[in-house]
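# An overview of the molecular structure
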Amino acid sequence: MGQLQQAVGRWEMSRSLTAALVAAAAFAFVPLAAQAQGQAKGPPALPDGPGKDQVAAVCTGCHVTGLINASSGYTRDHWKQLIATMIDLSPAPDSQNAIIDYLAKNFPPNDRRKPTMVSGNFDVTFKEWVMPQLGSRVRDPIQHADGSIWYAGQYGNLIGRLDPRTGQAREYKLPPGSMPHTVQLDPQGRPWYSGNKNGTVGMIDPATGQATVYKMPNPKSDPHTLAFNKDGILFFSFQASNLIGRLDPKTGDLKVVSAPNPKSQPYDVRVAPDGTVWVSCNARGCFLKVNPVTMEITEYPFPAGGSTRRFIIADDGMIWFNNSNRGGIGRFNPKTGEFKEWQSPSGPRSHPYGAAWLGGAYWYNESGMRPDPLVRFDPATETFQSWAIPSGGIYAGILRNARTTREGNLLIHQTATNRIIQVTPQRRAAAR
């Protein structure tokens, strides 16, 4: 173990380990809610065998063994590729080989979480970019007016800016402990982040890299998802803290209110064209309608129960959402209060997650499956189509938030493999 200990010492001094210390992203094979449920009785024990000690010393320093057990498994070459996206083990080649051999032997490919793929009349192309910092848990890419792509590196404690023309990225370190859950652009195009671990929201000056930080009343609260209205007022959720916040960046005026019911877990945030703020509940199966002036909240519970992470507001005002715990998607009419739901192709365990509205269709992913499928739902025909989301030469990761571009593409990501991905859809020409 001497060689491994020396290598770990070097890693602790390196930039790459700083990111890798949160490599829960490294094996983020299951959604967070499912992880928590699976760990209720403690993580499964690793099988005995050569390499077990190295895996326990290196891998479980950052995440529980349950994430390895719950994976879809990989070949030796694919385990090597996956690990290389999270942490640099090259300083200790003997230990690196022992870890890879152990994982390949004990966790080979399996189809326990194989998705139900659906064909259709669309083709998609995936263009991938790998971000610089290993294990940073890249997420939530969003297009700037100049065509660049901003993203959050949650476990790298950074936000970054990718030039898709060159593939080059610049990354901005955030104040210690920020751990950004997302990045959002204000009406002036400035990047804002949610300090999910240190109770802050902030804005980065791209010219200087300096952060303007706004502290929450409770430093242990967890700002989560951000949304701006047309006047530049920022609204945001706190999942674990069960709160919703509003900040006026011009005056610094901050107001934080509680969700009407305990353990609602406010999650996604969207501003409707009329200025009303909508928030999803990740624990109770509800939407929260927030008055942007008074911050009064009205709750709309799901008739069938469940929970939702992401949702969108379509051009006609309809709200499309993922009922994650029920493995379905739904539509909510805010004017009538009517709900309608559809089962996702892979069934109750599919755990729909990311969400976007593009080309008159609802796009999302089935994060409980492996590989992680991207799904398109056509409301006009009530039909689905799906594609496996690639991560280099492997399929590993989770899409947690999707955005659209002005060109009519999707911006997605795979957190476990540090990738931003552009999806270009095209309707297949009819056969003659």
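Residues numbered from 1 in each chain as written. Predicted model: local features only at pLDDT ≥ 70, side-chain atom pairs only at ≥ 80, totals over all residues. Heavy atoms only, no water.

Formed by 20 residues in total, the largest nonpolar core has its most connected members in Val55, Trp79, Ile99 and Leu103. Mapped by element, the contributors of at least two residues to this core are helix H4 (52-58), helix H6 (76-84) and helix H7 (93-106). Here this core takes five residues from H7, the largest share from any one element. Once residues within four sequence positions are removed from consideration, Ile99 is found in contact with Gln54, Val55, Val58, Cys59, Ile83 and Leu89. (Core = buried A, V, L, I, M, F, W, Y, C linked by side-chain atoms within 4.5 Å. Buried < 20%, exposed > 50% of the residue type's maximum accessible area, 1.4 Å probe, protein only. Helix = DSSP H or I, 4+ residues; strand = E, 2+ residues; numbered from the N terminus. Contact = heavy atoms within 4.5 Å.)

What follows is about the sheet that holds strand S4 (residues 158-163). Note: strands within a sheet are paired through backbone hydrogen bonds, in either parallel or antiparallel orientation. Pairing is antiparallel across the open sheet formed by four strands, whose spatial order is S2-S3-S4-S5. Taken across any chain shown, the strands that pair with only one partner, and hence form the sheet edges, are strand S2 (138-143) and strand S5 (168-173). Here the strands of the sheet are splayed against their neighbours by 25 degrees on average, with no regard to which way each runs. (Pairing = 2+ DSSP bridges. Axes fitted to C-alpha atoms, helices over the stretch in contact; angles between N-to-C directions.)

Sheet architecture is open: four strands sit in the order S18-S19-S20-S21, paired in antiparallel fashion. Looking at the sheet topology across the chains shown, the edges are occupied by strand S18 (311-313) and strand S21 (339-343). Taking the axes of each pair of neighbouring strands and ignoring which way they run, one obtains an average angle of 20 degrees across the sheet. Looking at chain direction, strand S19 (residues 319-323) and strand S20 (residues 328-332) are connected through five bridges and run antiparallel. Within S20, the residue paired with Asn323 across the bridge is Gly328.

Within the secondary structure layout, Val138 lies in strand S2. Residue class for Val138 comes out buried when judged on its relative accessible area of 0%. Placed 22 residues apart in sequence, Val138 and Gly160 show a C-alpha to C-alpha distance of 9.1 Å. Beyond its immediate chain neighbours, meaning those up to four positions away, Val138 contacts Met131, Tyr151, Ala152, Gly153, His413, Gln414, Thr415, Asn418, Arg419 and Ile420.

Here the focus is the state of the cysteines. A full pass over the atoms with the stated rule returns one disulfide. One disulfide bridge connects Cys281 with Cys286, the sulfur atoms lying 2.1 Å from each other. On the sign convention where negative is left-handed, the bridge of Cys281 and Cys286, at about -80 degrees about the S-S bond, is left-handed. (Disulfide = S-S within 2.5 Å.)

A pair of packed helices is captured by two measures, namely the crossing angle of their axes and the spacing between those axes. For the pair H6 and H7, the least separation of the axes is 9 Å and the interaxial angle reads 125 degrees. Taken together, the axis directions place H6 and H7 in an arrangement best described as oblique. As for the relative orientation of H6 and H7, their crossing is right-handed in sense. For the pair formed by H6 and H7, the contact residues are Arg76, Trp79, Lys80 and Ile83 on the first element and Asn97, Ile99, Ile100, Asp101, Leu103 and Ala104 on the second. (Parallel < 35°, antiparallel > 145°, perpendicular 65-115°, else oblique. Left-handed = near helix turned anticlockwise from the far one by under 90°.)

Bear in mind that shape data such as this cannot, by itself, settle questions of function.
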